[in-house]
Each structure stands twice: as C-alpha cells, then as structure tokens.
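For reference, the chains in residue letters:
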Amino acid sequence: MVNSVRAANAGPGPGAGGGPGAGAGDGRHDERSVDIAIIGGGMAGASLALLLAHHCPELQVVLLERKPLPASGGPLVLPSFDSRATALAAGSLQMFAQLGLWSQLEAYCAPIREIHVSDRGCGLGARLDAARESRAQFRGMFGAVVENAALGPVLYDALAATGVEVIAPAEVRTATFDQSGARLRWRQGADAERSLRASLLVAADGVDSPLCRKLGIEIDRVEYRQRALVTTLALQRAHGDIAYERFTDAGPMALLPLPDREGRHRAALVWTCDAADADALLRLDSAAFTDRVQRAFGWRAGRLQRSGDVASYPLSLSLAREQWRRNLVLVGNCAHFLHPVAGQGFNLTLRDCEALALALAGRQERRLAQDSTGALDLLESYGRERQRDQQLTIGFSDRIPPLFASGNPLIRASRQMGLLGLALVPPLRSSFLGQAAGFGL
Ligand SMILES: Cc1cc2nc3c(=O)[nH]c(=O)nc-3n(C[C@H](O)[C@H](O)[C@H](O)COP(=O)(O)OP(=O)(O)OC[C@H]3O[C@@H](n4cnc5c(N)ncnc54)[C@H](O)[C@@H]3O)c2cc1C
C-alpha cells in the first residue's frame, strides 16, 4: 500500500513551478521547464528518481507514469509491481541502504545466505555460503528476495518524501528535441493535452518502448522461445535462507526464499521452459502443477505446494543500439531486457541508474551550468562507463540458458565440470559471485 504519493493524479501536481498545467500544451512561451523528466514509473523509473533525489537534490525531477497511482492506501497496480519476486543482489541492497531504505525494505525481504546450484540427473552441485564469501555479501547475505508488490510501495513512499514530482496517469505520446532539450506531450485523463520541457529526458517505459521506436532507436532482439512461469509455493519446512538454482530437462528452476506469511513458509518459483511446455503446464490444475514441480525439483526443500496463480512471461534478450543521445538516456527494460535465469535485470538497472545519478552529481564539481544535464559529453561518459558491466552481465545471463537446456552429452559434461569448478576453485567462485552479487568483476 502506498501511503501518500506526491502525485498529480488527474490534476496539476504540487511540485515547485506550479505543476505541469502551468502554461502547458498550448504553445505559449511560458511552458514549464524542468531539469529531468523520467517517462515510466516502474522499478527502473522510480529507483532512478530516488537516486537523483539523493545524489542531485538541486535538480528538478518529474516522473510521468501512464497508469493511475493510488491517492492513499490503495494497491499500486503497475506492471513492475505484480506477483513476481525479485532477487536483489548484495550490491543493490547496499544501494538501498545508502538511500535510507533498508529499514523499510528489510521487513519484506528474505535473506539469501546460501545458494545451491544443481543439475538434475547428476550428483554434482555447488553450495555457496555467504559466511565464507566476504567479498560478495551485504550484512552476511548474498542478497535478499522481495516481492515486487511490496517493493513498489516502499519506493513510492520514499519518493513522496523527496522533491520529485510524480504525474499520473500521464501517458507520454510524443517527445521532440531541439537545441535546448526535450519537449514531451501527454494527455491527462480527459483533460487537454499537456506538455513540459526537460533538459534531459529519461525513457524508462519498459520493453518494446513505443517512444524509442518513434525516436528511431533500433533494438537488437533474440527470442528465446521460452517463458518464465512464476508462482508462489508453500513449503513444508523453513527454507533456511537458501536460494536454489536447479537445472532440469524441462529448463532451469529457481526457488527463492520469501518471508513467512501467516505462519506459512514460502518460496517464489521461477521456472523457465520452452513456450510449448509452458502452455501445457499452464493448463494443469494446482495439484498436477505442484506434482510436476516436485518431480523436477526434487525434495531438497521438502514438500512443495502451489499457493498462488501462475503468471507467464515471454523471454527475449533485447538491447537498444543507442542508450544515450544528446538530452536523452534509456534505462531499465527499454535499454536492456535480460533472461531472468540469473536474476540480473533489475540489479543491472540499479547500477546504471546510480552511475547516471553520480555522473549528473559530478556536473556541479565540474561547475557546469544547470542546463548541462542533457549534455552529450556527460551522457557519453556515463554510457561508456556502463558498457563493460552491461556486456558482462548480459553475456552471463545469455550464456546460461542454452548451456543448461542442452541434453548434448558434451555440453552436459562441461556444465557438470563448471559446477564442479564453481564448488572447488575459489577464483571461479569469486568471479561468479562478484557478478551475481552485483559488485561487478
Ligand atoms: C520473470 C521475471 C523475473 C525477474 N526476476 C528478477 C530478479 O530476480 N532480479 C532482477 O534483478 N531482475 C529480475 N527481473 C527483471 C526486472 O523485472 C526488470 O528489470 C524490471 O521489471 C524493470 O522494469 P522497468 O521499470 O524497466 O519496466 P516496466 O516494469 O515495464 O515499467 C515501465 C513503466 O513505464 C510505464 N509507461 C510505459 N509507457 C509509458 C508512457 N508512454 N508514458 C508514461 N509511462 C509509460 C508503464 O506503465 C510502466 O509502469 C525479472 C524479470 C522477469 C520477467
């Protein structure tokens, strides 16, 4: 539940400058200008807004979200904050702690203190223990799992305490650029068209962004022809803060610890399988689905029982060919959408967003003008700085699915050697964990 979003729900917002309605949309010269406008209030947009408020409090930031936001106390119904759970890497937890959000988040998080990786059909596996891996941990954890439906209100409650102005519902229809920056237009409910100028426009409007398409930004895309089936499981016994990654003939399965609720032990299941198998699994009733999960996953977490609906997500790798231009940056799914097998998409986005906020904060030290937020050299150096981490993380997420989907005996043998290596060879383990824990390599 969101306490009170500083939102301009169907009306001008309370933010400085008189709200978006001031002189908007009618072509008058007093059209309102802000430093940064973020389009899309999902996990990426909301997190970036918080990071900007923290690192660059002098900048005027507006966040525009297509969906309505609850005025007070209602559920936050945005695509990001659905029934999924997100594994937040240690680096991400550290970032939220720096934003002062760990005390709010902690109540909704289940820590990951051990990771068990195994391959169905062979005895090999790797057990990684955070207590022994000081480099890749935050307060004794590799990371923590939070339900997206709980993360959203924490982010929006925190936003309400910043100077960021949230405008919703506001579906941005066009963005045009000139020498001084971007001009956005949106329609707010049945009201007249509104507009706003911004020195920097951040597109955070999700995968397949129509806005990016309109701007002629090409997307490289690989269809995995797989889906992620996501549901919540009730566990017979406590999960012991263990996250399981199990590779099965029917695709990789992740079982992520969740906080107990109403005395029930719970875990989030993310089962990646071929699209045709996913269709068949979705047709099963709850008992038959549970039976299939139990057979594929085994008994290492005790008896499992499905306790929620099963949601299905088509999987692809998509990567925008341009992530920045003068006065424009792309973040989140609209910049890169990854296979969820390694739980890296949002963690990578957070690192992008923090780097962007720090680059913008660095303007002041360099005594650049206020309207330099969209300067090409600044955005270029941000983009270049992020390339290596993005390439490594995307490569890491992209290489795992085919490796573990293959029944080819050679590939199977090499992945078993990989698991053995992970278990036995410290540098290998350390580099795997450095990547998985979101600290880079
Ligand atoms: C099954 C699955 C499991 C995952 N698990 C993990 C995990 O464990 N760990 C991890 O790090 N990552 C994980 N991810 C990745 C993570 O979910 C994404 O990184 C995250 O959803 C990024 O969200 P986003 O804000 O970029 O996009 P979205 O959630 O799509 O948000 C975009 C927002 O923009 C709004 N919008 C769209 N168009 C407009 C417009 N024109 N004007 C205004 N607003 C607009 C939309 O309404 C929406 O609210 C997982 C992904 C999947 C699919």
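It should be emphasised that the depicted structure is a prediction, and the values quoted were computed from it without experimental measurement.

This part covers the pattern of salt bridges. Two side chains that carry opposite charge are able to pair once their charged atoms sit near each other. Tallied over the full model, the rule gives 20 salt bridges. Asp241 is the partner of Arg113 in a salt bridge, and the nearest nitrogen-oxygen pair spans 3.1 Å. Placement of the pair is Arg113 in the loop between β4 (109-112) and β5 (114-119) and Asp241 in the loop between β12 (219-235) and β13 (242-248), with a sequence separation of 128 residues. With a relative accessible area of 33%, Arg113 lands in the partly exposed category. One salt bridge in this structure joins Arg325 and Glu322, with 2.8 Å as the shortest N-O distance. Its relative accessible area of 25% is what places Arg325 among the partly exposed residues. Taken together, the salt bridges that share partners define one network made up of Arg351, Asp352, Arg386 and Asp389.

Looking at the ligand, there are 31 residues lining it, with Glu65, Ser80, Ala87, Asn333 and Phe346 nearest. Between an oxygen atom of the ligand and a main-chain N or O atom of Met43, the distance comes to 3.2 Å. Ala87 has a polar backbone atom sitting 2.8 Å from an oxygen atom of the ligand. For the ligand, whose accessible area on its own is 1,000 Å², the fraction buried by protein is 94%. For the shell around the ligand, the leading source of residues is helix α8 (residues 345-365), giving three residues. Classifying every residue of the shell around the ligand gives 14 nonpolar, 11 polar and six charged. Split by domain, the residues of the shell around the ligand number at least three in each of domain 1 (33-82 + 155-220 + 317-397) and domain 2 (85-150 + 224-316).

Once that is clear, we can look at the nonpolar core. Counting 59 residues, the largest nonpolar core has Ile38, Tyr156 and Val331 as the members making the most contacts within it. The element best represented in this core is α8, accounting for nine residues. There are two domains that each give this core at least three residues, and those are domain 1 (33-82 + 155-220 + 317-397) and domain 2 (85-150 + 224-316). Core analysis: the next-biggest nonpolar cluster, separate from the first, contains 29 residues, Ala85, Ile112, Ala254 and Val341 among them.

What follows concerns the pairing of strand β10 (residues 181-187). Burial analysis of β10 places five of its seven residues in the buried class, which makes it a mostly covered element. Direction of pairing for strand β9 (residues 171-178) relative to β10: antiparallel, over a ladder of seven bridges. Bridge pairing in β10 links Ala175 to Leu184. If you look at the hairpin formed by β9 and β10, you'll find two residues sitting between the two strands. One ladder, built from six bridges, connects β10 with strand β11 (residues 193-203); its direction is antiparallel. Opposite Trp186, over in β11, you have Arg194 as the bridge partner. With antiparallel pairing between neighbouring strands as the criterion, β10 and β11 make up a hairpin whose turn holds five residues, including Gly189 at a positive phi of roughly 60°.

Considering all chains together, one arrives at four aromatic pairs under this definition. For the pair Tyr244 and Phe297, a centre-to-centre distance of 5.4 Å together with 90° between the ring planes defines the contact as edge-to-face. Linking Tyr244 in strand β13 with Phe297 in helix α7 (residues 286-297), this pair joins segments that are 53 residues apart in sequence. For Phe297, a relative accessible area of 1% puts it in the buried group. Both rings, one in Trp271 and one in Phe289, keep their centres 6.2 Å apart while their planes meet at 55°; by these two values the pair is tilted. Within this pair, whereas Trp271 is found in strand β15 (residues 264-274), its partner Phe289 is found in helix α7, the two being separated by 18 residues in sequence. No difference in accessibility class separates Trp271 from Phe289, as the two residues are buried. In this arrangement the basic side chain of Arg300 is found over the ring face of Phe297, its NZ or CZ atom lying 5.7 Å from the centre. If you follow Arg306 out to its NZ or CZ, it ends over the ring of Phe289, 5.7 Å from the centre.

Before going further, it helps to examine the confidence of the model for the chain. Note that predicted coordinates carrying low pLDDT should not be read in detail. In the predicted model, the chain carries a mean pLDDT of 85, and the fraction of residues at 70 or more is 80%. Segment residues 3-7 is flagged for pLDDT under 50; beyond a separation of four residues in sequence, or across chains, it makes 25 contacts in the model. The low-confidence segment residues 9-28 (pLDDT under 50) makes 55 contacts with residues lying over four places distant or belonging to another chain.

For residues besides glycine, phi is generally negative; the peptide bonds are generally trans as well. Residue Pro169 follows Ala168 across a cis peptide bond; omega there is 0°. Relative to the assigned elements, Pro169 resides in the loop between β8 (165-167) and β9. Although it is not a glycine, Arg225 adopts a positive phi angle of roughly 50°. Assignment of secondary structure puts Arg225 in strand β12. For Arg225, a relative accessible area of 67% puts it in the exposed group.

What counts, and where the lines are drawn
Residues numbered from 1 in each chain as written. Predicted model: local features only at pLDDT ≥ 70, side-chain atom pairs only at ≥ 80, totals over all residues. Heavy atoms only, no water. Salt bridge = Lys/Arg side-chain N within 4 Å of Asp/Glu carboxyl O. Helix = DSSP H or I, 4+ residues; strand = E, 2+ residues; numbered from the N terminus. Buried < 20%, exposed > 50% of the residue type's maximum accessible area, 1.4 Å probe, protein only. Near = heavy atom within 4 Å. Polar contact = N/O pair within 3.5 Å; in protein donor to acceptor, adjacent residues only side chain to side chain. Areas by Shrake-Rupley, 256 points an atom, 1.4 Å probe, with all protein chains shown as cover. Nonpolar A, V, L, I, M, F, W, Y, C, P; charged D, E, K, R; others polar. Domains from an automatic or database assignment. Core = buried A, V, L, I, M, F, W, Y, C linked by side-chain atoms within 4.5 Å. Pairing = 2+ DSSP bridges. Phe/Tyr/Trp six-rings, centres within 6.5 Å; stacked < 30°, edge-to-face > 60°. Lys NZ or Arg CZ within 6 Å of the ring centre and 35° of its normal. pLDDT = per-residue confidence, 0-100. Contact = heavy atoms within 4.5 Å.

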